[in-house]
Amino acid sequence: VMKLNPQQAPLYGDSVITVQLTEEDKVEDDVVFYLVFTGSTVQHCTSTRKINPGSLETISPGHDCCETVKVALCASREGHPVLVVAEESFQFVQDEAYDAAQFLATCAGNQQALNFTRFLDRSRPPAADVDFLDEKVALAFRHLKLPAEWNVLGADQSLTENIPRETLMHFAVRLGLLRLTWFLLQQPGGRGALSIHNNEGATPVSLALERGYQKLHQLLTEEEAREPDSWSTLSHTVHSGHYSVKYHRGLDVYMLTAEA
């Protein structure tokens, strides 16, 4: 039996899983291990990297629903058939970051909700918490299946630019959420949000300046701003038909997802 640690991951994936091997599975260097996660509608296959003879590391895939799936540890060796060495169950759950991303996506144009996010800001979380929040919420946002008509400024596009209002972009910039800001910039309405003033007359750009967020200000004002470095440790996904391949630079792990 192998041990997976942890035995669950958020729906959006991208968290590290350690696999403890049993004595008899600790094998020669020429064996390649990978994990196959089988859900009710999709299947994922992830490569692993060896930490030491007894343990492997991989990245949890993003899954399509909350459920318990079966995980098979497979071993392959040149000239030999692929073997299923061990099986274990694993759970995909909806965590707070996912709830937060869903809440923010739904509230894109909702002034009451956005004013609530301003109220939260007064309790300025410490930088480490902000970084954690930024990464998780941006990952979750990226995993949401946003409707085609979704817009950073909310559904009511009839609002002219001149009406002062809070936007999701104000929220992301005010807290200094680099990755989330980058994500929102790529979405419909993201660029347009940069010039919108709130009731105090602040735009997301002026907020970044006022709070001394230099990297963020650069991201919002440079023509050819590159994505923040912090983003590059996360997975990059390529879709093709019913398949997608994800590559995680930090761990050098690949993941193939297919509709079962």
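Identification of the protein chain as AKP13 protein from Campylorhamphus procurvoides is taken from an unreviewed UniProt entry.

Caption draft 1: Structural view of helix H5 (residues 178-185). Here H5 lies mainly inside the structure; eight of its eight residues are buried. Burial in H5 covers these residues: Leu-178, Arg-179, Leu-180, Thr-181, Trp-182, Phe-183, Leu-184 and Leu-185.

Caption draft 2: Looking closely at the domain arrangement of the protein chain. One can read the domain layout of the protein chain as domain 1 (3-94 + 234-259) and domain 2 (96-227). One C-alpha centre belongs to domain 1, the other to domain 2; they are set 33 Å apart. On the side of domain 2, twelve residues touch domain 1, which itself brings ten residues to the contact. When the two sides are added together, the surface that domain 1 and domain 2 hide from each other amounts to roughly 980 Å², 61% of it contributed by carbon and sulfur. Inspection of the region where domain 1 meets domain 2 yields zero salt bridges. In this structure, the connection of domain 1 to domain 2 is made through four residue pairs in polar contact (both at pLDDT 80 or more). Partitioned by chemical class, the residues of the side of domain 1 that touches domain 2 number three nonpolar, six polar and one charged.

Caption draft 3: Highlighting the sheet that holds strand S1 (residues 3-5). The four strands lie next to each other as S1-S3-S7-S6, forming an open sheet whose pairing is antiparallel. Each edge of the open sheet is held by one strand with a lone partner, namely S1 and strand S6 (49-52). Sheet twist, expressed as the average angle between the axes of neighbouring strands with direction ignored, equals 30°. For S1 and strand S3 (residues 16-20), the ladder comprises three bridges, and the chain directions are antiparallel.

Scoring rules and cut-offs
Residues numbered from 1 in each chain as written. Predicted model: local features only at pLDDT ≥ 70, side-chain atom pairs only at ≥ 80, totals over all residues. Heavy atoms only, no water. Buried < 20%, exposed > 50% of the residue type's maximum accessible area, 1.4 Å probe, protein only. Helix = DSSP H or I, 4+ residues; strand = E, 2+ residues; numbered from the N terminus. Domains from an automatic or database assignment. Contact = heavy atoms within 4.5 Å. Buried area = accessible area lost by both parts, 1.4 Å probe. Salt bridge = Lys/Arg side-chain N within 4 Å of Asp/Glu carboxyl O. Polar contact = N/O pair within 3.5 Å; in protein donor to acceptor, adjacent residues only side chain to side chain. Nonpolar A, V, L, I, M, F, W, Y, C, P; charged D, E, K, R; others polar. Pairing = 2+ DSSP bridges. Axes fitted to C-alpha atoms, helices over the stretch in contact; angles between N-to-C directions.

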